[in-house]
Amino acid sequence: MHWRRKWQPTPVFLPGESQGREAWWADVSVVSQSRTRLKRLSSSSSSNPSVFTGSVHTPVVPEQNCYNKHLAVLNNSSWFTVKPFANEEEYKNTEAIVQKFQNGIGEKLQQKLLQRAKGRRNWLEEWWLNVAYLDVRIPSQLNVNFGGPASHIEHYWPPKEGTQLERGSISLWHNLNYWQLLRKEKLAVEKVGNTPLDMNQFRMLFSTCKIPGITRDSIINYFRTESEGHSPSHLAVLCRGRVFVFDVMHEGYLMTAPEIQRQLTYIQKKCHSEPNGPGVAALTTEERTRWAKAREYLISLNPENLTILEKIQSSLLVFCLDDDSPHVTPEDYSQVCAKILNGDPTVRWGDKSYNLIAFSNGVFGSNCDHAPFDAMVLVKVCYYVDENILENEGRWKGSEKVRDIPVPEELVFTVDEKVLNDINQAKAQYFKQVSDLQLVVYAFTSFGKKLTKEKQLHPDTFIQLALQLAYYRLHGRPGCCYETAMTRLFYHGRTETVRPCTVEAVNWCQSMQNPSTSLLERKHMMLEAFAKHNKMMKDCSTGKGFDRHLLGLSLIAKEEGLPVPELFTDPLFSRSGGGGNFVLSTSLVGYLRVQGVMVPMVHNGYGFFYHIRDDRFVVSCSAWKSCPETDAEKLVQQVFHAFYDMMQLMETPHL
């Protein structure tokens, strides 16, 4: 996993280029790691050059006829996804718009996009970061960040008061060991088959922070590998509106868990015996421009405030001592997930890449800014920590000796009446939006991956089609849907959009609601929908998706000062989800004991995230209470009902 990778350009995502690899199975082969492989993360005594210098498999971008290939799929695949949302007249109108685009401005834009790709390792990277994250002005802590609960409660760490600091020190110690693996470049490169995946996002897990800007935010990454030089080694701890820092290295060695616990105990005792702090962290929940202006004012009050901000920004992670004790069971993670997403804003630094939250009852979770990396990075570190806690029976098995270590340093902001008013305003808008969020996280335990695989059904597709059927039954219409596809086969690749609401899926949903359709016909139509979805995931993971490509064409037009092409103002473009208008925003979190949660993409939509195990499916669903159409609880129950119906269809014998 060499951070300065050999230059392998990311393709302009042109369809029609065969990769010859079943990369769509990446979710299974990469994420479903055995404990044995996890142990190998730290078993190497020295860096393996082949691990850190492997190049990403990248297809050559053909210049000749590439545009014709793109438009062939534009007509036959991507715009086919608008069909479930159009009547015959609307669809014909869209076909005419696509044809006009093909014969007109589209050709010019495509050539300019190819020209851009020639001079960049990844033509999309900067655009995507800006458009998807840094230019966004709405409050990001609730609307953009993702989070999830630790699954320690399922084995050695059930909820128990009085365990927050002891467990927290052990969890931190394992997290810090993961940090050291990254520093020493000993983390195994993930692969699809024999093809290495791009590991750049793992650089952004520790010592990374988003900085608010008036019109555009920025990201600062302080992390360095040992070969690159010095890297920050201090933690930030938030407790009751106050901020503390301490270095995790002492005399060249990582602190032990008992030593970390001593530091946390000092902080907690101090905070519990003295008045609460001003809660400056709450400013990170604000609308981005307001936060940027509040930050500028804070710095103008006293230059020392900038030094404090930089210490928080550069910290390895933010450890959040939270006084809440949320309810949680292996079958119901709803309350703890809600607290992870919308808990006390004075003990979360919303712009940090990694907030590790320790609740009063010894339950844990994480809240992360989405801009620097995608959820799979958090999944990997969470699983690493959970496996180590499990293997050590939830206990610290090292030395109990505590060295003479300096006590934590408190960072005290200089504030005035205006800053305190800004904090109160930030809290007010945050709690107003928080009160509008509905979130449920349940485990379906009747069966899981094992049974779906026995029926030769891909488990991810199984859940996606169940969601399509559930939405159709609940709302009486198809639901335009976004599912994440990984594009880490390519240099600095992140994601592509899979659109599960296909014509095949809608036809099947309609058949399930039609009493005159036989079980055999329903089964046949369901398997057609499976085949279509599987192909789309494979295509999108191997650089043959189209949503990011369309984004590139639209941004080229904007950069050239051209009018927005009609293709992007066509009502069917947004109705089918284009421009970030998907009513179902979904993602497979993986095949490990790690769950994720996020809010919906649109007001009348749902955020639907899930992970898959041999014996269960765990799903989270969010919606806004102020939207009278949506109900997360009802949708999840419909999804579980669909699971049974689909499995029943598979019992239907062929004639």
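Residues numbered from 1 in each chain as written. Predicted model: local features only at pLDDT ≥ 70, side-chain atom pairs only at ≥ 80, totals over all residues. Heavy atoms only, no water.

## A look at helix H11 (residues 288–301)
Working step 1: A rise of 1.5 Å per residue sets the reference length of H11, with its 14 residues, at 20 Å; its end C-alpha atoms lie 20 Å apart and thus fit the reference within 8%.
Working step 2: Those residues of H11 that fall on the buried side of the exposure criterion are Arg288, Thr289, Trp291, Ala292, Ala294, Arg295 and Leu298.
Working step 3: Elements that come into contact with the buried residues of H11 comprise helix H8 (140–143), strand E4 (208–211), helix H12 (303–314) and helix H15 (417–434).
Working step 4: Sitting at the head of H11, glutamate 287 places a side-chain oxygen 3.1 Å from the backbone nitrogen of threonine 289. (Helix = DSSP H or I, 4+ residues; strand = E, 2+ residues; numbered from the N terminus. Expected span 1.5 Å × (residues − 1). Buried < 20%, exposed > 50% of the residue type's maximum accessible area, 1.4 Å probe, protein only. Contact = heavy atoms within 4.5 Å. Polar contact = N/O pair within 3.5 Å; in protein donor to acceptor, adjacent residues only side chain to side chain.)

## A few points about the layout of surface pockets
Empty space among the atoms can be located by rolling a probe the size of a water molecule over them.
Working step 1: The space that makes up the second largest pocket amounts to roughly 330 Å³.
Working step 2: Lining the second largest pocket are 20 residues, and of these Glu125, Leu129, Asn200, His492 and Arg494 sit closest to its centre.
Working step 3: Class assignment of the residues belonging to the lining of the second largest pocket gives a composition of nine nonpolar, eight polar and three charged. (1 Å grid on protein atoms, 1.4 Å probe; cavity = no way out; pocket = protein on both sides within 12 Å on 5 of 7 lines; lining within 4 Å. Points joined across faces, edges and corners; volume = space filled by probe spheres on them. Nonpolar A, V, L, I, M, F, W, Y, C, P; charged D, E, K, R; others polar.)

## Thoughts on unusual backbone geometry
Working step 1: The backbone of serine 207 sits at a positive phi, close to 55°, despite the residue not being glycine.
Working step 2: As for its placement among the helices and strands, serine 207 is situated in the loop between strand E3 (195–196) and E4.
Working step 3: Even without being a glycine, glutamine 456 presents a positive backbone phi close to 60°.
Working step 4: Within the fold, glutamine 456 resides in the loop between helix H16 (449–454) and helix H17 (459–475).
Working step 5: Among the residues examined, glutamine 456 registers a relative accessible area of 75% and is labelled exposed.

## Quick look at the sheet that holds strand E6 (residues 234–239)
Working step 1: Spatial strand order, E1-E12-E11-E10-E6-E7-E13: seven strands in an open sheet with mixed pairing. Either end of the sheet is taken by a strand with one partner, and the two such strands are strand E1 (146–149) and strand E13 (409–411). Each strand axis lies, on average, 25° off the axis of its neighbour in the sheet, ignoring direction.
Working step 2: As judged from the four bridges shared by strand E11 (residues 355–358) and strand E12 (residues 364–368), these two strands associate in the antiparallel manner. Its bridge partner lying in E12, leucine 356 is registered against serine 366.
Working step 3: In this fold H12 packs onto E6, strand E7 (242–247), strand E10 (318–321) and E13, with an angle of close to 115° to the strand it touches most, E13. (Pairing = 2+ DSSP bridges. Axes fitted to C-alpha atoms, helices over the stretch in contact; angles between N-to-C directions.)

## Some remarks on the nonpolar core
One broad rule of soluble globular proteins: the nonpolar side chains tend to lie buried together.
Working step 1: Core analysis: the largest hydrophobic core is formed by 59 residues, its most contacted members being Tyr178, Phe206, Phe246, Phe319 and Tyr354.
Working step 2: Where this core is concerned, the elements lending two or more residues are helix H9 (164–183), E6, E7, helix H10 (257–273), E10, E11, E12 and helix H14 (375–391).
Working step 3: Among the elements that take part in this core, H14 stands out by supplying ten residues, more than any other.
Working step 4: The residues contacting phenylalanine 206, other than those within four sequence positions of it, are Asn175, Tyr178, Trp179, Leu182, Asn221, Phe223, Leu316, Leu317, Ser353 and Tyr354.
Working step 5: Counting residues in hydrophobic clusters, the runner-up holds 55 residues, among them Val82, Val583, Tyr591 and Phe643. (Core = buried A, V, L, I, M, F, W, Y, C linked by side-chain atoms within 4.5 Å.)

## Structural notes on the packing of H9 against H14
Working step 1: Where H9 contacts H14, the two axes come as close as 9 Å, and the packing angle between them is 125°. One element, H9, and the other, H14, form an angle in the oblique class. The interaxial crossing formed by H9 with H14 has right-handed handedness. Seen from H9, the contacting residues are Ser171, His174, Asn175, Asn177, Tyr178 and Leu181; seen from H14, they are Lys380, Val381, Tyr384, Val385, Asn388 and Ile389.
Working step 2: Classifying every residue of the contact of H9 with H14 gives six nonpolar, five polar and one charged. (Parallel < 35°, antiparallel > 145°, perpendicular 65-115°, else oblique. Left-handed = near helix turned anticlockwise from the far one by under 90°.)

## Some remarks on the UniProt feature "active site" (unreviewed entry) in the chain
Working step 1: The sites that UniProt annotates as "active site" (unreviewed entry) are His370.
Working step 2: Within the element layout of this structure, histidine 370 appears in the loop between E12 and H14.
Working step 3: Overall, histidine 370 belongs to the buried group, its relative accessible area being 13%.
Working step 4: Ignoring any residue separated from it by four or fewer positions in sequence, one finds histidine 370 in contact with Tyr133, Val144, Asn145, Phe146, Arg494 and Met598.
Working step 5: Of the polar contacts made by the side chain of histidine 370, one reaches the side chain of tyrosine 133; its length is 3.3 Å. (UniProt positions renumbered as here; feature names shortened; annotations may be inferred.)

## Thoughts on the packing of helix H7 (residues 125–134) against helix H20 (residues 547–559)
Working step 1: Here H7 crosses H20 at 90°, and the two axes come no closer than 11 Å. With respect to H20, the axis of H7 lies roughly perpendicular. When H7 is examined against H20, the residues Trp127, Trp128 and Val131 are found in contact with a partner set consisting of Arg548, Leu551, Gly552, Leu555, Ile556 and Glu559.
Working step 2: The residue inventory of the contact of H7 with H20, partitioned by class, reads six nonpolar, one polar and two charged.

## Comments concerning the environment of arginine 242
Working step 1: With respect to the secondary-structure elements, arginine 242 resides in strand E7.
Working step 2: When the C-alpha atoms of arginine 242 and cysteine 271 are compared, they prove to be 7.6 Å apart, with 29 residues separating the residues in sequence.
Working step 3: Beyond its immediate sequence surroundings of up to four residues, arginine 242 is in contact with Val237, Lys270, Cys271, Glu274, Pro275, Asn276, Gly277 and Glu410.
Working step 4: A polar atom in the side chain of arginine 242 sits 3.5 Å from the backbone oxygen of proline 275.

## Focus on the sheet that holds strand E16 (residues 495–498)
Working step 1: Spatial strand order, E14-E19-E18-E17-E15-E16: six strands in an open sheet with mixed pairing. The open sheet has two edge strands, strand E14 (437–444) and E16, and neither has a second partner. Sheet twist, expressed as the mean angle between neighbouring strand axes with direction ignored, is 20°.
Working step 2: As judged from the six bridges shared by strand E18 (residues 606–612) and strand E19 (residues 617–624), these two strands associate in the antiparallel manner. Bridged to glycine 607 within E19 is serine 622.
Working step 3: With respect to the sheet, H20 is in contact with strand E15 (481–486) and E16, its orientation differing from that of E16 by roughly 110°.

## Regarding the packing of aromatic side chains
What describes a pair of aromatic rings is the distance from one ring centre to the other and the angle between the planes of the rings.
Working step 1: Inspection of every chain in the model, using the stated rule, returns 26 aromatic pairs.
Working step 2: With a centroid separation of 4.8 Å and 80° between ring planes, the pair formed by tryptophan 173 and tryptophan 396 is classed as edge-to-face. Of this pair, tryptophan 173 sits in helix H9 while tryptophan 396 sits in the loop between H14 and E13; the two residues are 223 residues apart in sequence, bridging distant segments of the chain.
Working step 3: Ring centres of phenylalanine 444 and phenylalanine 643 lie 4.9 Å apart, and the angle between their planes is 70°; this geometry places the pair in the edge-to-face category. Highlighted residues: phenylalanine 444 in strand E14 and phenylalanine 643 in helix H23 (residues 632–650), separated in sequence by 199 residues.
Working step 4: Aromatic rings pair up to connect Phe444, Phe447, Phe462, Phe617, Phe640, Phe643 and Tyr644 into one cluster.
Working step 5: The residue whose ring lies beneath arginine 116 is tryptophan 127, and the NZ or CZ to ring-centre distance is 3.6 Å.
Working step 6: Taking NZ or CZ as reference, arginine 548 lies 4.0 Å from the ring centre of tryptophan 128, over its face. (Phe/Tyr/Trp six-rings, centres within 6.5 Å; stacked < 30°, edge-to-face > 60°. Lys NZ or Arg CZ within 6 Å of the ring centre and 35° of its normal.)

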